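Analysis of the macromolecular model
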Number of protein chains: 2
Amino acid sequence: MPVTRLDTAWIRAARRAIDPVFLDTPLYRCEALEPRLGCAVSIKLETANPVRSFKARGTEWLTSRLAGSASRAVVCASAGNIGQALAWSGRRRGLDVTVVASRSATRVKLDRIRALGAVLELVDGDHERARERAAALALRDGIRLVEDSLDLETCEGAATVGLELVEAAEAFDTVLIALGGGALATGVGHVVKELTPGVEVICVQPLGAPAMTLSWRQRRVVTTDTADTIADGVAGRCPVPAVLDDLLLVADDAVLVREESIVAGMRLLLDHAGLVVEPSAALGIAAVLEDRDRFAGRHVVTVVCGSNVDPDAYHRWVGPAPFGHRP
Amino acid sequence: MPVTRLDTAWIRAARRAIDPVFLDTPLYRCEALEPRLGCAVSIKLETANPVRSFKARGTEWLTSRLAGSASRAVVCASAGNIGQALAWSGRRRGLDVTVVASRSATRVKLDRIRALGAVLELVDGDHERARERAAALALRDGIRLVEDSLDLETCEGAATVGLELVEAAEAFDTVLIALGGGALATGVGHVVKELTPGVEVICVQPLGAPAMTLSWRQRRVVTTDTADTIADGVAGRCPVPAVLDDLLLVADDAVLVREESIVAGMRLLLDHAGLVVEPSAALGIAAVLEDRDRFAGRHVVTVVCGSNVDPDAYHRWVGPAPFGHRP
């Protein structure tokens, strides 16, 4: 049993605190995808909820623990999904929420953050600049900084996805998890490795934003100068050391996939599963597409982690014949 | 309390027999839709399961009751969704399943029925011809005919959607239900009227396939010569008298919507909820679009009942700029 920062008892406590609208999400075999992938495929769908990603599992747990404390204001940096989730959870509990995001973040994500009543501050530069600015704001104003993947509540919340996977009626051979900051990967990985250690945990990251994967492979923090991927939800450059330590304990592998595989994955999910997903949510399918032999005959489950995507960009990626038949 | 053919105790029994993969489906507020509709909107999502529609609730219940009986073969007529569901449930229980469908039925539905191992027989003409042929086959071969909406199990299975609605934490003012043969409308309507009688039950049918709505309005069976709508899942012409009797007891209203409103509803669900749906599943949104004043300020829940749609047709309807921004 891996000794990560996480504790399954706390993860179970998180599950009791999270609004049920985010829990017990659909988990189902998608046979229509299988001829294209050469393996049995199940989908864990995290998009059918008020914020269209799994991130509210973490923000629900985090904000529930702030209830009764003196902290009535929180700030986070976000590529869009945790910001939206924190805005949702904070609104429900009467917290003042500030979200810092890159000016180049996905527009619908920013629109939703504003619509949910959060203060949105945009910065030039990428997500790492937003992280710096959020930390500076927290320091200046003396408010609670929420750091995705570093704050244990964000990992414990994400880990409740893992509880739902291991409690499923059907057993899986492999769990495919999008890897960004690492909250989802370490959270789900912790639960899977503690409760069903025989199940393989494979993290998937874009080749264009490989910092955490390179770090995992070299067993030390590796940062990159740039992050160049359409998968905005996982486009970090500076892994958090404590999160890497956890990832080293729970991941069986970390793989990198090409942008065209991510697009092909989005297209398969649209054409054969009827699912509109954001690029990060197609990473698992992309990994299978790039290495069919590895997964042949196995039963994989992929966490479809979000669907917040700009319609125009989606059309550009998945088009020009977005719903046309493809080989 | 209405005295329909249905009994809530049996509906609760159905829920215990249905594979959990079809139960406790997502139910969530979709605030991003609300500025466009002028009312609070919740979605009950019946597409995230192995057959991408609610129909397996009925076929699960029906086939579970055949276990141990001498009937090892079943036949049904289908526009595609109940056929797919019966094929899924029958395969699981070792039944021989035959599905009769119109040659003009939605192609992906027919493909999935075959892929699930059912025998598929295609007939010329529309769904009513398929119903006649299925009945003839049952008679000829002495096998069990499954008649959607007439067979109580199909209504009781669909009615479990209603149980999930009335047990939700949040209360609704209005439930919007696609109206075709009537299984979903009478099933959900029965439960809502028995357990939360103050909640309004509104059935929605396409103007081009209005037989059941005209029947409800005139309180007698009205058939039509044609059914002309893209909403293939609800395109019947010959209402079943017993189902109409139930509908008269549970529906507060039955409304007809134009084809362009159905398309506009599909587009809204795609652009603002990230959901690909089949036309029948957009009927509720279409009803709000056609009569915003009626729903202003209310909280409506719409059952998004299926997502089995031909990619090409979807593109044709929702295109030409399928993911472009619209006013």
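Residues numbered from 1 in each chain as written. Chains lettered and ligands numbered in written order. Predicted model: local features only at pLDDT ≥ 70, side-chain atom pairs only at ≥ 80, totals over all residues. Heavy atoms only, no water.

**Quick word on the pattern of salt bridges**
Cut-off, in case you're wondering: When a carboxyl oxygen of Asp or Glu lies within 4 Å of a side-chain nitrogen of Lys or Arg, that pair is called a salt bridge. Secondary structure elements follow DSSP: runs of H or I no shorter than four residues count as helices, runs of E no shorter than two count as strands, and numbering proceeds from the N terminus. Throughout, exposure labels follow a simple rule: accessible area from a 1.4 Å probe, protein chains only, divided by the maximum for the residue type, with under 20% read as buried, over 50% as exposed, and the rest as partly exposed.
Under the criterion given, the structure shown has 64 salt bridges over all chains. Its salt-bridge partner being Glu121(A), residue Arg133(A) comes within 2.4 Å of it at the nearest N-O pair. Taken together, the residues span a long stretch of sequence, with Arg133(A) in helix H6 (residues 127–141) and Glu121(A) in strand S5 (residues 119–123) at a distance of twelve residues. Classification of Glu121(A) by relative accessible area gives partly exposed; the value is 23%. Salt-bridge contacts for Lys109(B) lead to Asp232(B); the nearest nitrogen and oxygen are separated by 2.5 Å. Note that Lys109(B) is positioned in helix H5 (residues 107–115) and Asp232(B) in the loop between helix H9 (211–218) and helix H10 (241–250), a separation of 123 residues in sequence. Several salt bridges share partner residues, and in doing so they unite Asp19(A), Glu60(A), Arg92(A) and Arg93(A) into one network.

**Side note on the environment of Leu122(B)**
Residues and elements named next belong to chain B. Which entries qualify depends on this criterion: Here, residues are in contact when the closest pair of their heavy atoms is within 4.5 Å.
Following the sequence through the fold, Leu122 ends up in strand S5 (residues 119–123). On the basis of relative accessible area, Leu122 is assigned to the partly exposed category, the value being 24%. Apart from residues no more than four positions distant in its own chain, Leu122 is found in contact with Ala101, Ser102, Arg103, Leu110 and Arg114.

**What about the pairing of strand S8 (residues 200–206) of chain A?**
For a regular strand, side-chain orientation follows a simple rule: the groups alternate between the two sheet faces. Residues and elements named next belong to chain A. Under the convention used in this document: In this scheme, strands are said to pair when DSSP sees at least two bridges between them. Looking down the strands as they point away from you, a crossover is right-handed if its path from the first strand over the helix to the second goes clockwise.
With seven of its seven residues buried, S8 lies for the most part within the structure. Covered by surrounding structure in S8 are Glu200, Ile202, Val204 and Pro206 together with Val201, Cys203 and Gln205, the residues of both alternating faces. By the bridge criterion, five bridges tie strand S7 (residues 174–178) to S8 in an arrangement that is parallel. Bridged to Thr174 within S8 is Glu200. Note on the crossover from S7 through helix H8 (residues 183–195) to S8: the handedness is right-handed. Pairing geometry for S8 and strand S9 (residues 253–257), over five bridges, is parallel. In the sheet register, Val204 faces S9, and the bridge partner there is Val255.

**With respect to the relation of the copies chain A and chain B**
Here is the rule we go by: Fitting of the copies onto one another was done by least squares over C-alpha atoms, counting residues only where both copies have pLDDT of at least 70.
Superposing chain A onto chain B requires a rotation of 180° together with a translation of 0.0 Å along the rotation axis, leaving an RMSD of 0.0 Å. Here the transformation between the copies is reduced to the relation of a two-fold axis. Most of the interface of chain A is mirrored in chain B: 100% of its interface residues are interface residues there too.

**A short note on unusual backbone geometry**
All names here are of chain A. The phi torsion at Arg52 lies on the positive side, around 55°, for a residue other than glycine. In this structure, Arg52 sits in the loop between strand S2 (40–45) and helix H3 (56–66). Looking at Arg52, the relative accessible area reads 13%, which means it is buried.

**A few points about the sheet that holds strand S4 (residues 96–102) of chain A**
All names here are of chain A. Quick reminder of the rule: The convention used is that axes are lines fitted to C-alpha atoms, helices contributing only their stretch in contact, and that angles between N-to-C directions extend from 0 to 180 degrees.
Across the sheet, which stays open at both edges, the four strands sit in the order S5-S4-S3-S6 with parallel pairing between neighbours. Every interior strand has two partners, whereas the edge strands, S5 and strand S6 (144–146), have only one. Taking the axes of each pair of neighbouring strands and ignoring which way they run, one obtains an average angle of 25° across the sheet.

**A short note on helix H14 (residues 311–318) of chain B**
Test applied: This arc corresponds to the set of directions leading from the helix axis out to the C-beta atoms.
Among the residues of H14(B), those classed as buried are Pro311(B), Ala313(B), Tyr314(B) and Val318(B). Looking straight down H14(B), one finds that the buried residues subtend no more than 160° of arc, so they occupy a single side. Tucked inside the fold, the buried residues of H14(B) contact helix H11 (259–273) of chain A together with H5 and helix H11 (259–273) of chain B.

**Describing the environment of Thr98(B)**
Residues and elements named next belong to chain B. Along the polypeptide, Thr98 turns up in strand S4 (residues 96–102). Taking the relative accessible area as the measure of exposure, Thr98 reaches 18% and is therefore buried. Along the chain, Thr98 and Asp310 lie 212 residues apart, while their C-alpha atoms are 22 Å from each other. With residues near it in sequence (within four places) discarded, Thr98 still touches Val74, Val75, Cys76, Val119 and Leu137.

**Some words on H11(A)**
Residue and element names in this part refer to chain A. Just so we agree on the cut-off: Residue count minus one, scaled by 1.5 Å, sets the expected span of a helix.
An ideal rise of 1.5 Å per residue puts 21 Å on 15 residues; H11 measures up with 20 Å between its terminal C-alpha atoms. Of all 15 residues in H11, eleven are buried; the element is thus mostly enclosed. By the burial criterion, the buried members of H11 are Ser261, Ile262, Val263, Gly265, Met266, Leu268, Leu269, Leu270, Asp271, His272 and Ala273. Positive phi shows up at Gly274, right after H11, with a value of about 65°.

**Some points on the domain arrangement of chain A**
Residue and element names in this part refer to chain A. For clarity, the cut-off: By convention here, the domain bounds are inherited from an automatic or database domain assignment. By buried area we mean how much accessible surface two parts lose on assembly, using a 1.4 Å probe and totalling the loss over both. Distance and chemistry together define a polar contact, namely a pair of N or O atoms within 3.5 Å, with one atom able to donate a hydrogen and the other to accept it when in protein, and with adjacent residues in sequence counting only for side-chain atoms on both sides.
Segmentation of chain A into domains returns domain 1 (8–53 + 152–318) and domain 2 (56–146). Using C-alpha coordinates to define each centre, domain 1 is positioned 22 Å away from domain 2. Contacts between domain 1 and domain 2 engage 35 residues on the former and 26 residues on the latter. Summing both sides of the interface, domain 1 and domain 2 together bury roughly 2400 Å²; the carbon and sulfur share of this comes to 53%. The interface formed by domain 1 and domain 2 includes eight salt bridges. Between Arg57 and Glu46 there is a salt bridge, with the nearest N and O atoms lying 2.9 Å from each other. In this structure, the connection of domain 1 to domain 2 is made through 18 residue pairs in polar contact (both at pLDDT 80 or more). Only helix H1 (8–17) and helix H7 (152–166) provide two or more residues apiece to the side of domain 1 that touches domain 2.

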